[in-house]
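Single-letter residue listing:
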Amino acid sequence: MTSNPLRILLGALALTIASPVFSADALLKPLPSGELSRLPPAQAKWLRDERADFDAAKAALLGGPLVEAYARIGSAYGKLGLYDVAEIALYDASQLAPEVSGWIYAQGLIADAQKQSAAAVAFYSRAIAIDKNYLPYRIAFAEAKLRAGDAEAGRAQLSQYAADTADEPRAHAVLGDIAMAQKKYPEAIAQYQLALKFDPQANAVEAKLADAYTASGDAKSAATARAKAGHVAARLTDPVRDAIVGAALNGDEVATEIAKATFFSNNNRYAAALESLDAALRLQPNDPQALAFHARVDAISGNLAQASQRAQAALAAAPNSAVVLVTDATIKEMTKDDAGADASYRKAIAGGPTFADARLRYGTFLMRTGKTADALAQFKELTRLEPARAEGWAYQTAAEVVLGRCADALQELTAQTKERPKNLLVRQLFVRIAATCKSATAEQRKAALADGGNLYTNTKGPDVADAFALALAANGRWEDAVQIESGAM
């Protein structure tokens, strides 16, 4: 397994404590190999490789690295639904780091996935007792109580915190589910609308909103919402759930397979991704999201003819879906049909103006075809929609530099570094622009030197070193710049 999901998981857990406690005397359970015969071949091979890596490394590890190893293998088993093995791996991790609330929460997620509601609630309650302010714990508790038929307990745990996290879409979606269970249909509609306001791409909420409209007697609104329904759950920043079980807890088998495919695709395991997408299409043959995703992976795998066919099937199923249209446009780009790609991108943005990925893809298309000013307009809209997305600022800055507007980029990035000081890529962009833009003041060049040095000291990496070298050169420290650049190379 690649380390990225684990870095996210461990980063999330680090927020819950000041310093982990590792017990060298912890009693660990033996970890079984698990039954892999029911898994698709490519996914079974991946899991066997992961297990071999774990078994080879385990004996030499202590403390934090050993906890990470158990977390990684637990995540691998959990991703593929082998919850019995994942349960033991996470139990062992919790024995090694008993003060980390995240391991307790992760055990609750596995219990929930195994439909052990009482055990899940107990784990969630313990996690909440350690960290009362981490919203995913409360949401998981509320969802588990709702599935157990105790909607009011879920409301009591969640509603008192919803006001303080007004822009968290998942909290509103769960409160909508609770209101539906209690037959409070106007309240459910209001909560689902809030969830969609803060996360317009959460088309799984549209299906729930349609049910609420139907229950309240509004057939017209129900039909409108139903037409937009899909498998994208309301957003919640919850790296622990994403790393351990993905979409498995939402009860949507198609969404679970799509989540697996996303994981494998992100890690360049395209054969394994296609196995999950094939499974999703067996469950729901005309699902536009699964068809579009399959088309993208087909294209990445080099099968452009198959990709085009699946993209057309996705369009037939959902002709106005922004996601499907962007997929169609991307494949048309790959088949050298720029006119067709341009038309599909435009239609995607017209139908889904808040779909940030459409802005990103269309902007890069416009850059490639020499329409940089038009591309910049798309990137500016992207950063307006998702200001915390560093990728958007990178593209916007690139377009501004090409257009000779580095002063604009410098002004915008200066503001962003103050607003989002923890966004390392935005800070690196600032260092680069302040070091190279002719409009930069001496004060800005000094600020770039200070921040570049801070980034270099704390994060290293060739990109950061290159940015720091530019800042050194901009401040007249040529020998130091050459030394740092040589090290980066």
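Residues numbered from 1 in each chain as written. Predicted model: local features only at pLDDT ≥ 70, side-chain atom pairs only at ≥ 80, totals over all residues. Heavy atoms only, no water.

Help me understand the overall build of the protein in this model?
In terms of regular secondary structure, the protein is built from 27 helices and 0 strands. In terms of overall size, the protein behaves like a compact globule, its C-alpha atoms giving a radius of gyration of 24 Å where 489 residues would be expected to give roughly 23 Å. Structurally, the protein occupies a C-alpha span of about 65 × 60 × 45 Å along its principal axes. Residue burial in the protein is summarised as follows: out of 489 residues, 49% are buried. Within the protein, contacts between residues at least 6 apart in sequence are counted, and of these 57% link residues at least 24 apart. Counting only carbon and sulfur atoms, one obtains 54% of the accessible surface of the protein, whose full area is about 22400 Å². Computing the positive centroid from 53 side-chain charges and the negative centroid from 55, the protein places the two 2 Å apart. (Helix = DSSP H or I, 4+ residues; strand = E, 2+ residues; numbered from the N terminus. Rg over C-alpha atoms; globule rule 2.2 N^0.38 Å. Buried < 20%, exposed > 50% of the residue type's maximum accessible area, 1.4 Å probe, protein only. Contact = heavy atoms within 4.5 Å. Areas by Shrake-Rupley, 256 points an atom, 1.4 Å probe, with all protein chains shown as cover. Lys, Arg positive; Asp, Glu negative; His and termini not counted. Charge placed at Lys NZ, Arg CZ, Asp CG, Glu CD.)

Can you help me understand the side chain of Arg-420 in this one?
Residue position: Arg-420 is located in the loop between α23 (406–419) and α24 (424–436). Apart from residues no more than four positions distant in its own chain, Arg-420 is found in contact with Pro-387 and Ala-388.

Can you help me understand the packing of aromatic side chains in this one?
On inspection of all chains with the given rule, the structure shows 12 aromatic pairs. Centroid distance Phe-263 to Phe-264: 5.2 Å. Interplanar angle 70°. Geometry classified as edge-to-face. Phe-264 carries the same exposure label as Phe-263, and that label is buried. Three or more aromatic residues joined by ring pairs form one cluster here, namely Tyr-105, Tyr-124, Tyr-134 and Tyr-137. Seen from the ring of Tyr-91, Lys-29 lies directly overhead, with NZ or CZ sitting 4.2 Å from the centre. (Phe/Tyr/Trp six-rings, centres within 6.5 Å; stacked < 30°, edge-to-face > 60°. Lys NZ or Arg CZ within 6 Å of the ring centre and 35° of its normal.)

Mind showing me how you'd approach the environment of Arg-432 here?
Inspection of the secondary structure puts Arg-432 in helix α24. Sequence separation of Arg-432 and Gly-452 is 20 residues, and the distance between their C-alpha atoms is 8.7 Å. Residue contacts for Arg-432: discarding those within four places in its chain leaves Asp-463, Asp-466, Ala-467 and Leu-470.

How should I be thinking about the packing of helix α2 (residues 41–58) against helix α3 (residues 63–79) in this particular structure?
How two helices pack is summed up by the angle between their axes together with the distance between the axes. Packing of α2 against α3 leaves a shortest axis separation of 10 Å and a crossing angle of 165°. Taken together, the axes of α2 and α3 are roughly antiparallel relative to one another. Classified by chirality, the crossing of α3 by α2 is left-handed. Facing α2, whose interface residues are Trp-46, Leu-47, Glu-50, Arg-51, Phe-54 and Lys-58, α3 presents Leu-66, Ala-69, Tyr-70, Ile-73, Ala-76 and Tyr-77. Of the residues in the contact of α2 with α3, the class split is 9 nonpolar, no polar and 3 charged. (Axes fitted to C-alpha atoms, helices over the stretch in contact; angles between N-to-C directions. Parallel < 35°, antiparallel > 145°, perpendicular 65-115°, else oblique. Left-handed = near helix turned anticlockwise from the far one by under 90°. Nonpolar A, V, L, I, M, F, W, Y, C, P; charged D, E, K, R; others polar.)

Sorry if this is basic, but what is going on with the environment of Val-240 here?
Residue placement: Val-240 occurs in helix α13 (residues 239–244). By relative accessible area, which is 1% here, Val-240 ends up buried. Residues Val-240 and Ala-106, 134 residues apart in the sequence, show an inter-C-alpha distance of 6.7 Å.

I'm lost on unusual backbone geometry in this one. Help?
Both trends apply: most residues other than glycine have a negative phi, and most peptide bonds are in trans. Within the chain, Lys-183 stands out as a residue other than glycine whose phi angle is a positive 60°. You can see Lys-183 is positioned in the loop between α9 (169–181) and α10 (185–198). Since its relative accessible area comes to 63%, Lys-183 is described here as exposed. Phi angles above zero are rare outside glycine, and Lys-336 is one such case at about 70°. For Lys-336, a relative accessible area of 73% gives the class exposed.

Which parts of the structure should I look at to understand the pattern of salt bridges?
Pairing of side chains with opposite charge becomes possible as their charged atoms draw close. Going through the model one piece at a time under the given rule, you end up with 28 salt bridges. Across the pair Asp-199 and Arg-235 runs a salt bridge, and its minimum N-O distance is 3.6 Å. Linking Asp-199 in the loop between α10 and α11 (203–215) with Arg-235 in the loop between α12 (219–227) and α13, this pair joins segments that are 36 residues apart in sequence. Of the residues examined, Asp-199 reaches a relative accessible area of 7% and is grouped as buried. Here Arg-361 and Glu-333 are joined by a salt bridge, their closest N and O atoms 3.3 Å apart. Highlighted residues: Arg-361 in helix α20 (residues 356–368) and Glu-333 in helix α18 (residues 322–334), separated in sequence by 28 residues. Because the salt bridges share partners, they merge into one network encompassing Glu-333, Asp-338, Arg-361 and Arg-368. (Salt bridge = Lys/Arg side-chain N within 4 Å of Asp/Glu carboxyl O.)

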